Every structure is written in structure tokens, then in C-alpha cells.
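Here are the chains, one letter per residue:
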Amino acid sequence: MCGIVGFTNDIDNSNAVLGKMMDRIRHRGPDAEGKYIDDGIALGHRRLSIIDVTSQGDQPIFNEDGSLVIIFNGEIYNYAEIRQELVSQGHKFRTNTDTEVLIHGYEQYGEKLLDKLRGMFAFVIWDKNKKELFGAKDFFGIKPLYYAVMGKTFMFGSEIKSFLEHPNFKKELNTEALENYLTFQYSPTNETFFRNVYKLPPAHCFTFKSGKFTAHRYWDVHFNADNNPDLDEWVNRISDTFHNSVNAHKIADVEVGSFLSSGVDSSYVASVADVDKTFTVGFGTDEKYNEIGWAKNFSKAIGKENTSKVITPEEYWGNLSKIQYHMDEPLADPSAVALYFVCNIASEKLKVVLSGEGADEIFGGYNVYSDPDGTLYDRLPRTVRRTVADIAEKLPAKRGVNFFVRKGRDVEERFIGNAYMFTSEERKKLLKINTNAPEPSEITSKFYKRVKGKDDVTKMQYLDLHMWMAGDILLKADKMSMANSLELRVPFLDKEVMSLAEKIPTKYRVTHEKGTDETKYITKYAMRLASKKDTPPQTASTSAKKKLGFPVPIRVWLREEKYYNIVKNAFESESAEKFFNKEYAIKLLDDHRDGKSDNSRKIWTIFIFLVWYDVYFNKNGEY
């Protein structure tokens, strides 16, 4: 795993600037560094040695005649097979790296190389003869790639913070991103919080030549159920395919470990991977916020060593600025900090860890997926449910109220992903500033159009795969692991696993538990059954212990005087005055403290933006 930076070379001191940009992302690759500079381009690379750990693997890497040069972040799990194919076609290799396979593969196949790859990647290739850049990002968006055009300079990199060191970079806040973030808890479009800085979307590639940037999608998910195999056949196929993926994801010249929470996803990964070490974090002793005891017992059951850490409130709050610095953009997911700490304890013992991200999106695991047509209330006429929803939407946020709102709306109206913080009306009341931010439905509509006619579960999965997973789940996975110089691999997010999963009928993704009086749904049904082949019974049972996923007691802390005051001081700061109606924000905080409503996630969304803004705009990218 590595970090990459680069820019079209139109400055006199490109070597010094490139060096400073590389220093900004040293945490992504502390083992080695490399540069390539000519009159058209400056490329920089920071290396975390995983495959071919000798200096032969240092980047940039060239093709035989030196006309192509590549910098690459990621891992290609089927590189050995592609290499054999390329050798048979006459290519000469100098190293044993997957990086060199990419450059020879591009030389041989051009963009069609992407169809052959299995892995996670963000890479850029400079063609000296054509004076052209080609770049690509992996299928699911596991590895980040940002870009910007500032004046005559095209710059790109694994992290936005590296751009701060370029003399042509103009740092401005993108207020449209702020308004969108208040609803989604992350930046949901290809724009970022820095104006004119963009994210290359998952499964996209680009070219840049003569000042022109063009990008397009080269791969997509296609849910088309195959109803011929029965449940047992699907379970066997999932088991075989997942074993194959885990074996591929273990390819490394260094030790590999695994994260472990109480959910079936990470348990399945740890069991199949047969790694020696697992890692878990928690808070306090309350089982609602601490999975350590469960993880230790599980690790003992599969004969592995578990390393754990109890995160104190002081540690959690004391590291928020550092977390938001590494995140590049504000992310109001409280579990990001817990993920930082589990990465930290893992990095003390090894360089590579496996994790369970992606299983929920691929196999249908979120509880909200069991919501459509799942209750007696759904049998009421749609007009009645819509009327009740209109009334419920105006009521204070309380447990149960959101149920009536959801049930009165079509999935395209009500579902924007697993987080819905401020409605359009609420964020307008909160913000002092006017923006041109689109409505949430405008952002999600292009994804819903691609799955028009599919069932609601499939629609929600497709949306989450393209938005929630890329914008929240994978953002924090990459940034928190790389902040600790740790490579995080996600065997569920594999092209072969997805190819299988997109054919599984909805009834085997989310199903009704037979023999119960009330409507009770089981998510990831077929996958859970597959996992029973490899995990202890208490983990893989269809009614397994509810996954916590490194939960954080934000709701509790915000009612304590110490942390209430920290947030209130932020809400009364000069930065808050620039953007927010202070009285509205403080009322959310006070009502939460007084137990009138649970506003913890909304409060956290505002607060985290202010933490991030302080780091990047008040302290110029320092924490």
C-alpha cells in the first residue's frame, strides 16, 4: 500500500514542491520514496512494502524502453496470472511486483487492462511520447484518487492535503459540499469540501492531455437474479467464492491479521483467513459499546490471538483533530475514531489486516433493507400512509416517529443511504449562508434510474454500493488505516464475489424467519448460512448476536457536562458564526442534554465540520 502525488510540470522548483507534497503523505508509505520529473510531469510515490519488499519494488516503475512510467497505490491479487500472460507475449520484467504488471499490461491492452484486474487500486501512467496521463480507480472505490486543475496545473494524489504544498493550489471552502454533508454526514458527490478539487469516482478511468481532462465509467454492478439454483446451491457458491477471495487477499510477503467485531462479517473473514492475530477495540464495560469480551472468546474458539484496547473518552475526544486531518474531508461517522484506534494497535504488530467492509452492501445486510412491506402497517392504503407521514415529519424526532415517515414514502423519496441527518428544510434553518446545493433526491436519482423496475431492497443496495460505501465506509477504512501505515484489505469487495452476489435472488438476501408470530427478517440470509460452514455456531446462526461494529457512546457523552461544554464552545466560536445559526445549533444541544430528544448525530455532524474547518482553514492543515 502506498501514496501517490503528481502534477503537470509548469513550475521552476518542481523537485522541492514534489518533495513537500510527498512529505504530507509520508504516513501512507514510510518504507521508501521515489520521484520522476521531466518537462511535462512530476510524479511522486511513498511506499509501504508488502509485495517484493526489496528495493526492486520501489516506484516509479518503467516499461522496457522507458516511454511509460507508473505510480500505483493498491494491490493486484491476480498479478501473477496476468504476468505469465504478458511474458508469453514478449514482455520483459525487471521486478516481481504487481506494479510492473500494470505498466506492461497497459502497454499491451490499453484501457482493456482494467477488465482483467482483480484488486484495489489507484494508479497513474505517464506516456512520455504522447505527453498524456492515464489513470484509474478500482471497481468499488477502495483506494482514493483526487484531482484538481488550478490555473495551468493539473494535480492529483491519494490525499488532498498534499495539494496544499503546491504554489498554484488555491484553497477555498466549497459551501455546496457543506450543505450536502449536513444531510448525508459525508460529501456525497464527486465534489469535495475544497472548491475545484474532485474525487475520481469508483470504477472510473481518466486521461489528461493538452489541458483536457476526460473520465468515464468502465465497470458497474448489475443485479439480475438467477432463480434456478436453490438456497443450498447459493450457500455453497458463496462459500467457495469467498474462500477463493480470502486466499487471494492474503497474498503478501509480510504477516496478515484480521479485525474482529461481534458481527458475522468480520468473524467470517477471520475464520476463513486463518490468520494468527485478531484486533478489537471498545469503550468502557457496557456490552452496548464493548465487544472485546466476545471477540476474545471467539478468537479463543478458533485458536487465534486477540489484541484489544479500551478507548477512554479522553483519548477519543483528544484525537478528533488528528482524525479529521487524516480524513481530508469532514466525516461525521463516530466509528471512524474507533477504527483509527484498532488500526493503531494492529500496526504495532503487522502491516496488513483483513476487514469485513462491503458484506452488508453486497449481500443485503443492513436492517433497513428488511423494511419494505414488512409490517401490517404496509397493508394500509398508500394515501393514508402518506398523510400520516406528512404529519409525522413535522413532529420532534423521537423513537418511532421516523417509522411513520418511512412507511409513507417511496424508497426513492425516503432512502438516501444509512445516514439521514438534516432534511433540506432543517439544513436551511441551520445555515446562515446561501448555497446552490442540490436536493438529496437530485443526488440519488441518477443511481435509482439505473435500477428502475427493481425491487426496493435491490434499489437500496445499489444506492449504498455507489454512495454510502464509497463516501463513508471506504473513506474511513482507507484514511484511518493509512494514518497508521497499515494496509487494510476487504475480501468481500472482490469482483468475483460481486459477480456472484448480484445474481442471488432477493429472497435469499433478506428473508422472513419462519416459525415466528411476528414479522422478523433476517438480513444477509444466504451469506449467514454460508458462514456457518467456517465459524463457531454462536457467530453464524441466522439470529446471531447483533453486530455493533465498534460502536461509540456519543449519545451518552453529549449529556455529560465536560463534553457538552466542549461542543457548546465550538458552537459559539467565530467559525460557527460564519456558517450556522448559533441559536438553532445550541437548542439541538440543549434539548439533547435535557433528554427532550436524541439529537446526538445531528450535533456530531455540525461539531465534526467545525473540528475539520479549524484544522484546514484556521491552522492551514496542521493539527
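Please refer to the structure higher up on the page.
What counts and how
Residues numbered from 1 in each chain as written. Predicted model: local features only at pLDDT ≥ 70, side-chain atom pairs only at ≥ 80, totals over all residues. Heavy atoms only, no water. Axes fitted to C-alpha atoms, helices over the stretch in contact; angles between N-to-C directions. Helix = DSSP H or I, 4+ residues; strand = E, 2+ residues; numbered from the N terminus. Parallel < 35°, antiparallel > 145°, perpendicular 65-115°, else oblique. Left-handed = near helix turned anticlockwise from the far one by under 90°. Contact = heavy atoms within 4.5 Å. Nonpolar A, V, L, I, M, F, W, Y, C, P; charged D, E, K, R; others polar. 1 Å grid on protein atoms, 1.4 Å probe; cavity = no way out; pocket = protein on both sides within 12 Å on 5 of 7 lines; lining within 4 Å. Points joined across faces, edges and corners; volume = space filled by probe spheres on them. Pairing = 2+ DSSP bridges. Core = buried A, V, L, I, M, F, W, Y, C linked by side-chain atoms within 4.5 Å. Buried < 20%, exposed > 50% of the residue type's maximum accessible area, 1.4 Å probe, protein only.

Q: Now, about the packing of helix α10 (residues 320–327) against helix α19 (residues 468–483): what can you tell me, with residues and values included?
A: For the pair α10 and α19, the least separation of the axes is 9 Å and the interaxial angle reads 110°. As judged from the angle between their axes, α10 and α19 are roughly perpendicular. At the point where α10 passes α19, the crossing takes the right-handed sense. Contacts from I323, H326 and M327 of α10 reach α19 at L475, K476, K479, M480 and A483. In terms of residue class, the contact of α10 with α19 is built from 5 nonpolar, 1 polar and 2 charged.

Q: For empty space enclosed by the protein, give the residues involved together with the corresponding values.
A: Using the criterion set out here, one finds 4 cavities of 30 Å³ or more in the structure. Estimated volume of the second largest cavity: approximately 70 Å³. Around the second largest cavity, the lining residues are F139, F140, P202, A203, R217, W219, D220, V221, L465, H466 and M469. Class assignment for the residues of the lining of the second largest cavity results in 8 nonpolar, 1 polar and 2 charged.

Q: So, the sheet that holds strand β9 (residues 153–157): which residues are in play, and what are the values?
A: Strand order in the open sheet formed by 6 strands is β2-β3-β1-β9-β8-β10, with antiparallel pairing between adjacent strands. Taken across any chain shown, the strands that pair with only one partner, and hence form the sheet edges, are β2 (32–37) and β10 (197–199). Put simply, the sheet's adjacent strands are angled 15° from each other on average, direction ignored. Note: strand β8 (residues 146–150) against β9, 5 bridges, orientation antiparallel. Across the sheet, Y146 pairs through a bridge with G157, a residue of β9.

Q: Residues and numbers for the nonpolar core, please.
A: If you look at soluble globular proteins, the nonpolar side chains tend to sit buried side by side. Ranked by internal contacts, the top residues of the largest apolar core, which has 180 residues, are F123, Y316, F580 and F609. The element best represented in this core is helix α28 (residues 600–618), accounting for 13 residues. Excluding its chain neighbours within four sequence positions, the residues that come into contact with F609 are L173, L178, Y181, F193, P330, F579 and F580. Counting residues in each nonpolar core, the second largest holds 17 residues, with I4, L43, V124 and W126 among its members.

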